[in-house]
Amino acid sequence: MNEQYEAGRKAAAEVGEKNRRAVLGDAHVDRANENKSEITEKFQDFITRTAWGDIWNREGLDHTQRRLITIAIMCALGNYGELDMHIRAALRADVDPDLIGEVMLHTAVYAGVPNSNHGFKLLDAAVKEMKEEK
């Protein structure tokens, strides 16, 4: 690969690492990095460069808007592990739980009540847990 291409990949990875830490927190990213293996390291590099280094770095939507869109998509798809992680990350970033709830209500109409029902359970548990930690 040429030098310019590699420099671009490295720059995207650096920006991606910064965005990923800003959105998901250092503890999550540190765990993900510690758990990398020969099998998963290419995928971790891919998502760091593309999702976090490109998409989350684009102009047009701020991080709060991207967080809410991500929550809606994860809720719609029933991807509850990722949904829980993004709900908690949004709460840590001071996104109002009522706003997250509005997103899940809206998602219920267009993507299904059962998925949003479970999303509300995750949101409720995360809010209660964070209150207990304070």
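Everything numeric in this text was worked out from a predicted model, so none of it was measured.

### Concerning the overall build of the protein chain
Here's step 1: Regarding its fold elements, the protein chain presents seven helices and zero strands.
Here's step 2: Judged by the C-alpha coordinates and their principal axes, the protein chain covers about 50 × 30 × 25 Å.
Here's step 3: Looking at the protein chain as a whole, 34% of its 134 residues are labelled buried.
Here's step 4: Counting only contacts in the protein chain whose residues sit at least 6 apart along the sequence, the fraction spanning at least 24 positions is 64%.
Here's step 5: Looking at the protein chain as shown, the accessible area adds up to about 8600 Å², and 53% of this sits on carbon and sulfur atoms.
Here's step 6: In the protein chain, the 18 positive side-chain charges and the 23 negative ones have mean positions that sit 1 Å from each other.

### A look at helix H7 (residues 113-133)
Here's step 1: Over its 21 residues, H7 extends 30 Å from the first C-alpha to the last, a length consistent with the 30 Å expected when each residue adds 1.5 Å.
Here's step 2: When we look at burial in H7, the residues that qualify are Asn115, Ser116, Gly119, Leu122, Leu123, Ala126, Val127 and Met130. Buried residues along H7 cover an arc of 135 degrees about the axis, so they all sit on one side. Exposed positions of H7 whose direction lies more than 90 degrees from the buried face are Val113, Pro114, Lys121, Lys131 and Glu132.
Here's step 3: Buried-residue contacts for H7 involve helix H4 (63-77), helix H5 (80-92) and helix H6 (97-111).

### Things to note about the confidence of the model for the protein chain
Here's step 1: Put simply, the protein chain has an average pLDDT of 95, and 99% of its residues get 70 or more.
Here's step 2: Per-element mean pLDDT across the protein chain ranges from 93 in helix H2 (residues 26-34) up to 97 in H4.

The rules behind each value
Residues numbered from 1 in each chain as written. Predicted model: local features only at pLDDT ≥ 70, side-chain atom pairs only at ≥ 80, totals over all residues. Heavy atoms only, no water. Helix = DSSP H or I, 4+ residues; strand = E, 2+ residues; numbered from the N terminus. Buried < 20%, exposed > 50% of the residue type's maximum accessible area, 1.4 Å probe, protein only. Contact = heavy atoms within 4.5 Å. Areas by Shrake-Rupley, 256 points an atom, 1.4 Å probe, with all protein chains shown as cover. Lys, Arg positive; Asp, Glu negative; His and termini not counted. Charge placed at Lys NZ, Arg CZ, Asp CG, Glu CD. Expected span 1.5 Å × (residues − 1). Arc of directions from axis to C-beta. pLDDT = per-residue confidence, 0-100.

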